Amino acid sequence: MSMADALTYYAPPSLLFLAAVARLWTLRQNWHDRLLRSVCALLVVGSLVLLSAAPPTASAINAITGIPNVAAPVVYCILAAFSGSCILLVIHWRGGEEAAARRATRLCLLLSSAAMIVTCALFVLADAPVERLRDFDTFYAATPFIREMILLYLVTHTVASVTMAVLCGRWAREVHGVLRTGLVLLAVGFITNLAYDVAKYIAIIGVWTGKPWEGISTDIAPLIAGASSVLVGAGFVIPPLGHRIGDQWQTLRRYRGLEILYREMVRAATPSHYVLNNRWARLDLRLTVRESFIDDGILHIKPDLDPAVWRRAYARAIHTGQTPSQAEAVAAASMVAAAADVAAARSAPPGVTTRPSRVGEGLVWAVANFHSPTIDDAVRRAAMSESSPL
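Computed from a predicted model, the values in this text were never measured in an experiment. (Residues numbered from 1 in each chain as written. Predicted model: local features only at pLDDT ≥ 70, side-chain atom pairs only at ≥ 80, totals over all residues. Heavy atoms only, no water.)

Colleague: Hey, could you run me through the packing of helix α11 (residues 259–268) against helix α15 (residues 361–369) in this one?
Modeller: Helix packing geometry: the angle between the two helix axes and the distance between the axes. Where α11 meets α15, the axes come as close as 7 Å, and the angle between the chain directions of the two elements is 90°. For the element pair α11 / α15, the angle class is roughly perpendicular. Between α11, through I260, L261 and E264, and α15, the contact on the second element is made entirely by G362, L363, A366 and V367. The residue makeup of the contact of α11 with α15, split by class, is 5 nonpolar, 1 polar and 1 charged. (Axes fitted to C-alpha atoms, helices over the stretch in contact; angles between N-to-C directions. Helix = DSSP H or I, 4+ residues; strand = E, 2+ residues; numbered from the N terminus. Parallel < 35°, antiparallel > 145°, perpendicular 65-115°, else oblique. Contact = heavy atoms within 4.5 Å. Nonpolar A, V, L, I, M, F, W, Y, C, P; charged D, E, K, R; others polar.)

Colleague: In this structure, what is going on with the packing of helix α10 (residues 214–257) against α15? I would like to understand it.
Modeller: Put simply, α10 and α15 touch, their axes get as near as 9 Å, and they point 120° apart. One finds that α10 runs oblique with respect to α15. Together, R253, R254 and G257 of α10 and G362, W365, A366 and N369 of α15 make up the contact between the two elements. Its residues placed into classes, the contact of α10 with α15 shows 2 nonpolar, 3 polar and 2 charged.

Colleague: Quick question: what am I supposed to make of empty space enclosed by the protein here?
Modeller: Vacant regions in the atomic arrangement are exposed by a probe of water-molecule size rolled over the atoms. With the rule as written, the count across this model stands at 1 cavity of 30 Å³ or more. In this model, the largest cavity occupies a volume close to 40 Å³. The wall of the largest cavity is formed by L16, L42, L43, G46, F82, S229, V232, G233 and F236. Broken down by secondary-structure element, the contributors of at least two residues to the lining of the largest cavity are α3 (34–53) and α10. The dominant element in the lining of the largest cavity, judged by the number of residues it contributes, is α10, at 4 residues. Residues that form the lining of the largest cavity fall into these classes: 6 nonpolar, 3 polar and no charged. (1 Å grid on protein atoms, 1.4 Å probe; cavity = no way out; pocket = protein on both sides within 12 Å on 5 of 7 lines; lining within 4 Å. Points joined across faces, edges and corners; volume = space filled by probe spheres on them.)

Structure follows, in structure tokens:
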């Protein structure tokens, strides 16, 4: 087997299998997540379809069992399981009424199981003594029982592909972001699956009518199947991966945004308030540590939060043309910075002069987006004091 053949046969299933492996860690942490289990199972079954359909693998299956062409019904059964799994996954992925989902699940499992049982029965009844690894479909297209078995797997695959393309296309119009991207890829992937089925139908009709169209099945259809598997795998992997990346980005953005406020609390804190910050820890854990330290720091400077500072800063911000919400953020940041100055000066060693804080956009952003009850309470008291008569 040449390197080009190996890439053609085994690159697509390897990509699907690697996509499944990439989800294993998340699956281990969320084993009871039925949707995540379905995604992983689907990727594994999809890789098994392409792996078992490769001529070298089919030859090995035939040799191990001692039955010529037994690899064909094996591939068809796995393909039926894959088609049913795809529909089940979309049903559970979309959600909705649980009773309807259960009915659809039972119907899908029943039809897939029936297709697999009938496929095996037809192969047992048929006579296919000559091993055909690449052109089984066209070589036996006119053989009794094998003909029906081939048509059964193609019809099952076509129905599943049409169903998936329609479901994903409709759902894609209702959502946005990475979920829509994944659904569009799935719809395109299953439309490509239809192109694979059409290629097979044309080749089989060619056998029935005496036309030399076998090459469409042996040369073109496998390439279409490989492209379809990549699109379908990407469609199932991109949404959860995109959400994870988005969550990580939001966590990183908040972690970095709180850097200035964190440094203010470090400056104002006494040595007993310091905490270890492991840079090699998970980002979400580091964010939790940072937020906890800021909470403790704000409690430490609470006696020094001066509503008068808030009122003066708010008035200056309004005077410069800022909106009330922007002015509130600037005023709160000024009040925190001033309190940090007082706390830092109080905890500094004798004779050491502390440098006053500067209220920049970073500190304003951090205070505005860090909803500490202590800060919120001080802001409310300052606003009430500002609105009360002298």
